[in-house]
Structure formats: structure tokens, C-alpha cells
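# Structural description and commentary
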Amino acid sequence: MPEIYLDYNATAPIHPEVLEAMQPYLTEKFGNPSSLHSFGREAKVAVEEAREKVAKLINAHPSEIYFTSCGSESDNWAIKGILWANKNKGNHIIISKIEHQAVLETCKFLEENGYSVTYLDVDKFGMVDPDNLRKSVRKDTVIVSIMHANNEVGTIQPIEELLKIAKERNVVFHTDAVQSIGKISVDVQKLGVDLLSISGHKLYAPKGIGVLFIKRGTKITSLLQGGNQERSRRAGTENVASIVGLGKACEIAAQDLDEYQDKMKRLSESFLKKILDTIPEVYLSGHPTLRVPNTVNLSFNGCDGESIILGLDLQGVAVSSGSACSIGSLEPSHVLMAMGVPKHLTLGSVRFSFGRFNSMEDVEYVTEILPGIVEKIRNLHPAFAATKNN
Ligand SMILES: *Cc1c(COP(=O)(O)O)cnc(C)c1O
């Protein structure tokens, strides 16, 4: 049986060159970057070189790159840190309804603690309307946080337009770029954002490493107090090996971006076309073109997503329903609900997310077995059979 992984938006394997770059820092080069001796200096140099590589990928200055423990920490830090540093300005936050849990749950927590949150609607493609943002900004709005690309459907937000509105009103702008980094060009100067989150494991680096880009001059309170690592803004001895790995992953992403995009487009477009040609009543969620090129979220009428996932798993193919974080819950995806996808279709949704180590053979295999799996599930489902016979 083949082993085909089509769940790169949940996590990606470590790139072999990334692992190779990391290995010495897990063994002989074990120094603490804060130590003055040669072991420490060697580790310090490695961390700073990695910082430069991350900065280069997003067109930032190295001093604007802060290493964190994950994308979730970066999101938490951005939002809480900006609110705490701007207490005199107000307590209002604006986010979209389709943010990742790391942003949504942070805002829910803040709401329970006296802050006020506006959740912006999205259209049927998952797009935030800039006019909605304009209407929602208040005198006491401190931060807007809107993700760059969505993890479930891949829709890319008009960040530059949204940012302009925030800037007219002097509001700090954060974007979660975990799903766009390495997939499309991410340039902090061009986007103009004040803060941007990155996670290692969606980019072929290890799990448990992230970055928060903080534009020079941005006032932000620290989440972690302690030693003076990361220019005294984020305490904790650096995860040197993972930082080195993330640096390498960013270097590879910068080199390969065009080629990577072409490949993702070829795989996902060919996959989508074959599925739409061979299976009736399948619907694509997400923007038809303004979408990261690796993500295809499909709803199969008359099926539940879980059955399709298990059916594919039995034949060696790994996919997921919406967000991995809500696994085991039969709650419809908050992203699809916000996009107005009918409830029965949200429950029949499956996310196929391609990545670096997929091939056209993978697409062929999956598109061959999927029609049979779907048909079997539909035949077991009387409601769908009834509509078919009408
Ligand atoms: C995976 C993900 C995160 C969380 O990153 P972790 O490193 O797993 O904490 C945040 N935002 C988005 C959009 C993601 O896809």
C-alpha cells in the first residue's frame, strides 16, 4: 500500500537539508548562546545567521525577527503584547471570523477578561471586505489581526488594502502568515504590517519553533519574563538547533519559491479537475484564484468528511477535515460556516493540502480511488440516494 501524505497544512516533514543543518547543534555544538566561551559564541553565531535568513525571506531587518516556541505563541504575543503596551489607547481588537484557533481563542480569553472583540464577516470565498473593517474601527481600537492565508481553505486576504485602513486610523496591524510563508511571496515592507507570525513545522522545519516579526519602533510588552534573550523581549534559552533548522528552511523557501509554486499549482489543479470531472456534486470552498496553490478544500454532498478521511486512510492516503485542531469534534468548521457553506456540506468537507514531497503519481492514485470511496459512502446514505433518484 502506498503512503501518500496530503495534509501539509497540518504539518510538514523536516526537509533533509534542514535536518542536516540542525544535527551538529543537537550534539557537539551544544553551547548556550548567552555563554561567553567558544561553545556559547558558536551557538550565538548560528542563531544570528538563522535570524538573517528568516529576515531575508520576508524582507525584514534581522533585528525585527524574534524566535518563539511556535506559531501559536507568536499570535498570542502579538495580540496580548500590543494590547498591554497600549492600555491608555483602549481595549478593542478586530479579527476575522476565520482566524486560526491561536488567534480566536486568544481573543475569547481576552473578551472574558474585559477586552472587546469585533469578529469581521467574510464573503463566500472567505474574503474580508475592507469596507467592513473601515466601519468597525473605533477610537479605542488597538490592534487588527487578520490572517494572510487561511489554513482550511487557502484564501489569501487583501492585506495591503486592509492595512491601509488600519494605518489611516493609527491602529497596529498583525497578520498570521503561517500558511502563506513559503507558498507565496511574503514581503513585510510591501504588506506594511507591524507584526507577522511564522511557524517552523508548516515550512519543513521542526515543530516547536516559530517567529514573530516586530517592525522596528513597535511598542510591545513581553509574554515571557526572565533572561535577556531575544534583546530582552522573549526570555528563555534559545532552541538553537530548531532555530538553525528554521533558518535553513527559510533559505530553501526563498531559493525555491517559483518552482514550488509551479509544482503546487500543477498538482492541485490537476487533482481538482480530475475530481470535478469524475465525481458529481462536489464543491470547492475557498477563492477560485486568490488561494495558496497547495490547498484544495472540497465538500462532497451526501457524505460526511470523516468517512472519506477514514476510507482514504485505509488505502494509504492522509488528508484531513478542515483544521486538525478540531479533530474528534463533529462541530462544523467555523471557517466554512462563516463563508456561508450550507451545514450538510460543511460536514462533508475534506481538505487536501499538497507539499514538497508529493508527485503527480500521488494525484493519480488518489483521483483513482476517491470516486469509489465516495460512491460507497453515498450508497450507504439514504438521503443522498433519494435526491439522486429524483
Ligand atoms: C498551524 C497554524 C498555527 C499554529 O502554529 P503552531 O506552530 O502549530 O503553534 C497558527 N496559525 C495558522 C494559520 C496555522 O496554520
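Keep in mind that this is a model prediction, so the values were computed, not measured.

## As for the overall build of the chain
A tally of helices and strands in the chain yields 14 helices and 12 strands. What you see for the chain is a C-alpha radius of gyration of 22 Å, in line with the 21 Å of a compact globule of 390 residues. If you line up the chain on its principal axes, its C-alpha atoms span 75 × 55 × 35 Å. The 390 residues of the chain split such that 56% are buried. By sequence separation, contacts in the chain at least 24 residues apart represent 75% of the contacts at least 6 residues apart. In the structure as shown, the chain presents an accessible area of about 16,900 Å², 53% of it carried by carbon and sulfur atoms.

## Topic: helix α6 (residues 159-168)
Listed in full, the buried residues belonging to α6 are I159, L162, L163, I165 and A166. Seen along its axis, α6 keeps its buried residues to an arc of 160°; they face one direction. For α6, the exposed residues lying more than 90 degrees away from the buried face are K164 and E168. Where α6 terminates, the next one or two residues include N170, which has phi positive at roughly 65°.

## Concerning the sheet that holds strand β12 (residues 349-353)
Pairing is antiparallel across the open sheet formed by 3 strands, whose spatial order is β9-β10-β12. The open sheet has two free edges, formed respectively by β9 (282-285) and β12, since each of these has just one partner strand. Pairs of neighbouring strands in the sheet enclose a mean axial angle of 30°, with direction left out of account. Alignment of β9 against strand β10 (residues 295-300), held across 4 bridges, turns out to be antiparallel.

## With respect to the pattern of salt bridges
Using the criterion set out here, one finds 16 salt bridges in the structure. Notably, a salt bridge pairs R351 with D7, separated by 3.1 Å at the nearest N-O pair. Of the two residues, R351 is situated in strand β12 and D7 in the loop between β1 (4-5) and α1 (16-22); the sequence distance between them amounts to 344 residues. In this pair, the class of R351 matches that of D7, namely buried. For R216, the salt bridge is made with E64, and the minimal N-O distance between the two is 3.9 Å. A residue pair is termed long-range when its members are at least 10 positions apart, and R216 in the loop between β8 (210-214) and α8 (229-232) and E64 in the loop between α2 (38-58) and β2 (65-68) qualify at 152 residues.

## Overview of a negative patch on the surface
A cluster of acidic residues, D123, D129, E160 and E161, forms a negative patch on the protein surface. Within the element layout of this structure, D123 appears in the loop between β4 (116-120) and α5 (130-136).

## A word on the sheet that holds strand β6 (residues 172-176)
Across the sheet, which stays open at both edges, the 7 strands sit in the order β2-β8-β7-β6-β5-β3-β4 with mixed pairing between neighbours. Of all the strands in the sheet, the pair left with one neighbour each is β2 and β4. Strand-to-strand twist across the sheet, computed as the mean angle between neighbouring axes with direction ignored, equals 20°. Of the strand pairs in this sheet, strand β3 (residues 92-96) and strand β5 (residues 141-145) are connected by 4 bridges, and their pairing is parallel. When the bridges of β5 are listed, I94 appears paired with V144. Each of β2, β3, β5, β6, β7 (195-199) and β8 is contacted by helix α3 (residues 71-85), which is oriented at about 160° to β7, the strand it contacts most.

## Quick word on the site of the ligand
The full set close to the ligand counts 13 residues, and S72, D176, Q179, S199 and K202 are the nearest of them. At 2.7 Å from an oxygen atom of the ligand is found a side-chain nitrogen or oxygen belonging to S72. Within the side chain of H201, one N or O atom sits 2.8 Å away from an oxygen atom of the ligand. Considering every element that reaches the shell around the ligand, the biggest residue donor is α3, with 3 residues. Along the lines of polarity and charge, the residues of the shell around the ligand split into 3 nonpolar, 7 polar and 3 charged.

## With respect to the pairing of β2
Neither face of β2 is left uncovered, since the one carrying I65 and F67 and the one carrying Y66 and T68 both have all their residues buried. Where β2 and β8 come together, 4 bridges link them in antiparallel fashion. Residue pairing for β8: T68 is matched across the bridge by G210.

## A short note on the nonpolar core
With 59 residues, the main nonpolar core has I58, F67, F173, V193, L196 and L246 as its most contacted residues. The biggest single contributor to this core is helix α9 (residues 240-278), with 9 residues. The two domains that each donate at least three residues to this core are domain 1 (16-255) and domain 2 (256-389). Counting 32 residues, the second-largest nonpolar core is a separate cluster that includes L6, I275, V363 and L370.

## Let's talk about the domain arrangement of the chain
Splitting the chain by domain gives domain 1 (16-255) and domain 2 (256-389). Its C-alpha centre places domain 1 at a distance of 29 Å from the equivalent point of domain 2. Tallying the contact residues gives 32 residues for domain 1 and 28 residues for domain 2. For the pair domain 1 and domain 2, the summed buried area comes to about 2,500 Å², and 61% of that belongs to carbon and sulfur atoms.

Rules and cut-offs
Residues numbered from 1 in each chain as written. Predicted model: local features only at pLDDT ≥ 70, side-chain atom pairs only at ≥ 80, totals over all residues. Heavy atoms only, no water. Helix = DSSP H or I, 4+ residues; strand = E, 2+ residues; numbered from the N terminus. Rg over C-alpha atoms; globule rule 2.2 N^0.38 Å. Buried < 20%, exposed > 50% of the residue type's maximum accessible area, 1.4 Å probe, protein only. Contact = heavy atoms within 4.5 Å. Areas by Shrake-Rupley, 256 points an atom, 1.4 Å probe, with all protein chains shown as cover. Arc of directions from axis to C-beta. Pairing = 2+ DSSP bridges. Axes fitted to C-alpha atoms, helices over the stretch in contact; angles between N-to-C directions. Salt bridge = Lys/Arg side-chain N within 4 Å of Asp/Glu carboxyl O. Patch = residues over 30% accessible without salt bridge, like charges linked within 9 Å, V, L, I, M, F, W, Y side chains within 5 Å. Lys, Arg positive; Asp, Glu negative; His and termini not counted. Charge placed at Lys NZ, Arg CZ, Asp CG, Glu CD. Near = heavy atom within 4 Å. Polar contact = N/O pair within 3.5 Å; in protein donor to acceptor, adjacent residues only side chain to side chain. Nonpolar A, V, L, I, M, F, W, Y, C, P; charged D, E, K, R; others polar. Core = buried A, V, L, I, M, F, W, Y, C linked by side-chain atoms within 4.5 Å. Domains from an automatic or database assignment. Buried area = accessible area lost by both parts, 1.4 Å probe.

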